[in-house]
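Descriptive structure summary
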Amino acid sequence: MASSRDELKIYWNKIYYAFPILNDMLFTDCSDEEYQEIQEIIIGLGIQIKIRDLVLVHIEKYLRQHVAPSFWAKFIKVEEEVKGFQLFKSAVNDLYESLKNFSPILNKLNTLNNCCGDNKPIFGERDVLMGFKQLLRATLLSQLPLDFPVIINHFYKISFNVFDNEYENSEMPDDIMCSGCWNESIDCNCAYIVKIFHDTNRKLVELQLLERLTGQVLTNFIQLRIESHIQKVCAGTFDVSHIGFLENWLDTTVMSWLTRIYCAGSSKPQPDNHIVLNAISKFKQKLSYFLYHSYTKLRIDQLFNIVIDYPDSQAAVDDIKLCLDKTDLRSTLCKKLQNALETRLLHPGVNTTDILTAYISTIRALRHLDPSGVILETVTKPVRSYLRNREDTVRSVVSSLTEEGAGSELAEELVKFAVDNDNENDKEEDWDEWEPDPVDADPKVNSCDRKASDIISMLVNVYGSKELFVNEYRTLLADRLLGQSVINTEKEIRYLELLKLRFGESQLHFCEVMLRDVSDSKRLNALIQQDRNFESLNSKFSSNAMILSAQFWPPFKDESLELPEEIKQHFEAYTKCYETLKGNRTLSWKPHLGNVNIEIEIGTKKLDLIVSPFNATLIMHFQNKPEWSLEELHQVMKVPITILRRKITYWQSLGIITEKTTDNYALVDGSEASKPSGSRNQVQDMICEDEETESVMASAHDQREGELQVFWSYIVGMLTNLDSLPLERIHQMLKMFASQAPGTECSLQELRQFLDTKVRTHQLILQAGMYKLPKT
């Protein structure tokens, strides 16, 4: 019994000799021949599986207690990049050297495992060496410190800087700082850094730790470099495409650097190394997506400026279009651009013309970005809503349509529409190039309508009616024809023909008659001036009339003005001459419209002015009587005192009339009138425009009031027959019986306001929610 215990002790000593790890040691003098004898003893005892498992347990214990703590002890959070570089290099070197000491034990363990015959996986691997590396990775990662990425980041940051600048340093003077290692060129350390970098990566690859230990840190570092490179290269420049340069930089710099990391310094992986090839390919896919994503986000943040600068910024729009197909940022783009438009455009501090200019640029840019029109439809929804509520939108649009010069976007669009319309018949539908709408498109909107809408159509659709735009053009044309002393009819006819192509001839027939009235007026004026009966009246002053066909022109402002007697006689004579020429037609004068060229001599001062009929009438009264009160002028001119008080300031500003006491005005005498001219006694010729620049046409509100008057006869008839009716019943009956009348689109709210006006003027009575006519 004692001898068998002694034999077992000898056997265990031999096993400890072969596998010193059982005593927490790595080194042994056991030769291969000696191990063969020991293995035979183990097999003879039948304990080969137990010994194998026991050795593996002690290897795991040794790695956990000695190797891993020693490795992670060097991962100290340091600020200096060079120190971090050295720490990581030292940690990997020490780990690599310590693991080399396991080679004799692993070789013996592999031989022993082959004799076990149970085919048991070693830590999930079929091979002892592979199982050991798996155990090493698991042990290291189980003790991962919180700040471990810091020195890894320092290591790769320094090496990337060296790699990114390796071709520049060789040509630098000795006294210039190297941009790779940040030393002076004479002390450049780049070669040493590159050597250490490749050696360290080789060891990590050999230990299969590269991906697991540095993968996420490398990814984060490279993503930061991509973002900073994009910011540096692309910030503020929209006229050059950058995506090609960025893709080239990613391939030649970033991916080349990563390839050297995975291939331990080699610029190309081995063709048969599928693991490395697959890892590099996946990394490139990940980084390419991040490049497109980062670039697109930068451009989305700048998109408002890009849109405003279009078409100069078309290169940037092309880049965004390319990147949107590779990323999922469509909804982000729509949301951010919509917010930017609302914040920077849609508030009272921005002129309507500026909003329209930005809106037109947005339409053009987004049409190029997304030909389907889905992004445009989504982004510009608040702009359309805001423009609909601005009172001067229609007038601004119509003014832009008929502006001269290259700066008018809508005028160019109008001409472009005419050219495109001529070529439309030559185009065939490209059915083979049809593409479905994006998934975020509104299914209720026809894709053909969305793509076909031009800029002018989109502006018209803001209000949903082209009649509104045509009526506004008619009013604007009337203002222009009546406000200009010299009328360029050729230009107006050219614009009218362009508008006919856009809105149709029937819509613009009234405008055609208005332009014909201008040319007819010139001819009639020439004939009347030659009339002998009228010629004698031209000795004191001459007149030219603009003869308008009343039913074709928009309504004028209803202003009263009583002209001086001699002017009325002149107009009566003009009317008689006209009746002689036209037979059964006569003239109804609008005395408050037009321009008057007058000469004023007062003392040594002489003025030649172009003023409104109102101001001309006002100053003519001072010719006969030097002092007037506002009440007296009100009685003579039939003009409200408030308007008189406002308008007389024009003559006060010229120093011709002065206010002696409150609401009493006097003509300035000759000596006082000459004072503003100083020492100049010579005759002055002044051509001065009147201060009146407002439209002579009735406002949209006034015109609408006139249209609603059409309903009045229907309402009177209803209430005469039915005594009293509620508002809703009147509205329903008007829809049935007045459907053919102009301005029939009358809402309930408009009708209420109209009837309330009639109540205030005592033409209707409102009692218990019922309207009825007053008793006569």
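The residue numbers shown here count from 1 along each chain, following its written sequence. With pLDDT at 70 or above as the cut-off, local features in this predicted model cover only qualifying residues; side-chain atom pairs require 80 or more to be listed or tallied, and sums for whole chains, interfaces and linings still use all residues. Excluded from the side-chain calculation are hydrogens and water; included are all heavy atoms of the structure.

As recorded in an unreviewed UniProt entry, the protein goes by the name Anaphase-promoting complex subunit 2, listed as coming from Danaus chrysippus. Its UniProt record, at the heading Sequence similarities (unreviewed entry), says of the protein: "Belongs to the cullin family." UniProt positions are given in the numbering used here, feature names are shortened, and annotations may be inferred rather than shown by experiment.

1. What to know about the sheet that holds strand β3 (residues 627-629)
If DSSP finds at least two bridges between two strands, the strands pair. Per the convention used, a helix needs a DSSP run of H or I reaching at least four residues, while a strand needs a run of E reaching at least two, with both numbered from the N terminus. Taken in spatial order, the three strands line up as β3-β5-β4 in an open sheet, and their pairing is antiparallel. Across the chains shown, the open sheet's two edge strands, defined by having one partner strand only, are β3 and β4 (657-661). Within the sheet, the average angular offset between the axes of one strand and its neighbour, ignoring direction, is 30°. Here, two residues are considered to be in contact whenever any of their heavy atoms come within 4.5 Å of each other. Fitting a line to C-alpha atoms yields each axis, with helices limited to the stretch in contact; the angle taken between N-to-C directions then spans 0 to 180 degrees. Relative to strand β5 (residues 664-667), helix α28 (residues 613-624) is tilted by about 70°, and along the sheet it contacts β3, β4 and β5. Across the sheet, helix α29 (residues 630-637) lies against β3 and β5, angled at about 85° from β3, the strand it touches most.

2. Remarks on the pattern of salt bridges
Every case where a carboxyl oxygen of Asp or Glu lies within 4 Å of a side-chain nitrogen of Lys or Arg is listed as a salt bridge. This model, assessed by the stated rule, comprises 17 salt bridges. D301 is paired through a salt bridge with K336; the nearest N and O atoms lie 3.0 Å apart. With D301 in helix α12 (residues 274-301) and K336 in helix α15 (residues 330-344), this pair connects stretches of sequence that are 35 residues apart. Here the salt bridges do not stand alone but share partners, grouping D199, R202, K203 and E206 into one network.

3. Observations regarding the pairing of β5
Regular strands show a simple pattern: their side chains alternate between the two faces of the sheet. Judged from the three bridges that link them, β3 and β5 form a sheet pairing that is antiparallel. Its bridge partner being in β5, S629 is matched across the sheet by N664. Here β4 folds back onto β5, and the loop between the two strands holds two residues, one of which, D663, carries a positive phi near 60°.

4. A word on the confidence of the model for the protein
A low pLDDT score tells you not to read the predicted coordinates there in detail. When pLDDT is averaged along the protein, the result is 78, and 81% of the positions lie at 70 or above. A score from 0 to 100, pLDDT tells how confident the predictor is in each residue. In this model, residues 422-428 is a region of pLDDT below 50 whose contacts with residues beyond four sequence positions or in other chains number zero contacts. Here residues 674-692 scores under 50 on pLDDT; set against residues more than four positions off or in separate chains, the count is 29 contacts.

5. Comments concerning a nonpolar patch on the surface
What goes into a patch is any residue over 30% in relative accessible area without a salt bridge, connected to like charges within 9 Å or, for nonpolar side chains (Val, Leu, Ile, Met, Phe, Trp, Tyr), within 5 Å. Residue burial considers only the protein chains on display, and all accessible areas are found by Shrake-Rupley using a 1.4 Å probe. Nonpolar side chains collect at one region of the surface, where L8, W12, Y16, L45 and L54 lie side by side and expose about 410 Å² of accessible area between them. Mapping L54 onto the fold places it in helix α3 (residues 48-72). Note on exposure labels: buried denotes an accessible area under 20% of the residue type's maximum, exposed denotes more than 50%, and partly exposed covers the range between, all computed with a 1.4 Å probe on protein chains only. Given a relative accessible area of 31%, L54 falls into the partly exposed group.

6. Notes on the sheet that holds strand β6 (residues 724-726)
Sheet strands associate in pairs through backbone hydrogen bonding, adopting either a parallel or an antiparallel arrangement. Overall, antiparallel pairing links the three strands, which are arranged β6-β8-β7 in an open sheet. The sheet is open, and its two borders are formed by β6 and β7 (765-767), each paired with just one other strand. Each neighbouring strand pair of the sheet contributes to a mean axis angle of 35°, computed without reference to strand direction. Sheet topology places β6 next to strand β8 (residues 770-772); three bridges connect them, and they run antiparallel. Counterpart to P726 in the pairing with β8 is M770.

7. Section: the packing of helix α7 (residues 149-164) against helix α10 (residues 210-234)
Packed helix pairs are characterised by how far apart their axes lie and by the angle those axes make with each other. Interhelical geometry of α7 versus α10 gives an angle of 60° and a closest axis separation of 10 Å. For the element pair α7 / α10, the angle class is oblique. Two packed elements cross with a definite hand, and for α7 against α10 that hand is right-handed. Contacts between α7 and α10 involve P149, I152, N153, Y156, K157, F160, N161 and D164 from the first element and L210, L213, T214, V217, L218, F221 and R225 from the second. Class assignment of the residues belonging to the contact of α7 with α10 gives a composition of nine nonpolar, three polar and three charged. Note that the term roughly parallel is reserved for angles under 35 degrees, roughly antiparallel for angles over 145, roughly perpendicular for angles of 65 to 115, and oblique for everything else. What makes a crossing left-handed is the near helix being turned counterclockwise from the far one by less than a right angle; a clockwise turn instead makes it right-handed. Nonpolar residues are Ala, Val, Leu, Ile, Met, Phe, Trp, Tyr, Cys and Pro. Charged residues are Asp, Glu, Lys and Arg, and all others, Gly as well, are polar.

8. A closer look at the packing of helix α4 (residues 81-100) against α7
For the pair α4 and α7, the least separation of the axes is 7 Å and the interaxial angle reads 105°. Considered as vectors, α4 and α7 are oriented roughly perpendicular to each other. Residue-level inspection shows E81, V82, G84, F85, L87 and F88 of α4 in contact with α7, the latter providing I151, I152, H154, F155, K157 and I158. Looking at the contact of α4 with α7 residue by residue, the class counts come to eight nonpolar, two polar and two charged.

9. A short note on a negative patch on the surface
Together, D29, D32, E33, E34, E37 and E40 give the surface a local cluster of negative charge. Relative to the assigned elements, E37 resides in helix α2 (residues 32-45). Judged by its relative accessible area of 54%, E37 is exposed. All tallies of charge rest on Lys and Arg as positive and Asp and Glu as negative; His and the ends of each chain are not included. In plain terms, the charge of a residue is placed at NZ if it is Lys, CZ if Arg, CG if Asp and CD if Glu.

10. Notes on the nonpolar core
To qualify as a nonpolar core, a set must consist of buried Ala, Val, Leu, Ile, Met, Phe, Trp, Tyr and Cys residues joined through side-chain atoms within 4.5 Å. Membership of the largest hydrophobic core comes to 87 residues, with the highest contact counts inside it found for F19, I59, F102, Y156, W257 and L258. In this structure F102 touches I21, L26, I59, Y62, L63, V67 and F132, once residues within four positions along its chain are discounted. If you look at the next biggest cluster of nonpolar residues, it comprises 66 residues, including L341, I363, A365 and L387.

11. Let's talk about the environment of L135
Counting through the fold element by element, L135 comes out in helix α6 (residues 128-142). The contact partners of L135, leaving out residues within four places of it in the chain, are I59, E60, L63 and F123.

12. Thoughts on the packing of aromatic side chains
In summary, the pairing rule links any two rings of Phe, Tyr or Trp, Trp by its six-membered ring, whose centres are within 6.5 Å, and it sorts them by plane angle into stacked for under 30 degrees, edge-to-face for over 60 and tilted for everything else. Counted under the stated rule, the structure contains 26 aromatic pairs. Put simply, the rings of F71, W72, F75, F85, F88, F148, F155, Y156, F160, F197, F221 and W257 pair up and form one aromatic cluster. When the ring centre of W712 is taken as origin, the NZ or CZ atom of K758, which lies over that ring, is 4.7 Å away. In our convention, an over-ring charge means Lys NZ or Arg CZ found within 6 Å of a ring centre and within 35 degrees of that ring's normal.

13. Considerations on α2
One less than the residue count of a helix, multiplied by 1.5 Å, gives the span that helix is expected to have. For α2, which comprises 14 residues, the first-to-last C-alpha distance of 20 Å matches the rise-based estimate of 20 Å (1.5 Å per residue) to within 8%. Taken residue by residue, α2 has Y35, I38, Q39, I41 and I42 as its buried positions. Taken down its axis, α2 places every buried residue within 155° of arc, on the same side. Exposed positions of α2 whose direction lies more than 90 degrees from the buried face are E33, E37, E40 and G44. Positive phi appears at G46, one or two residues downstream of α2, with a value of about 75°. Think of the arc as the fan of directions from the helix axis to the C-beta atoms.

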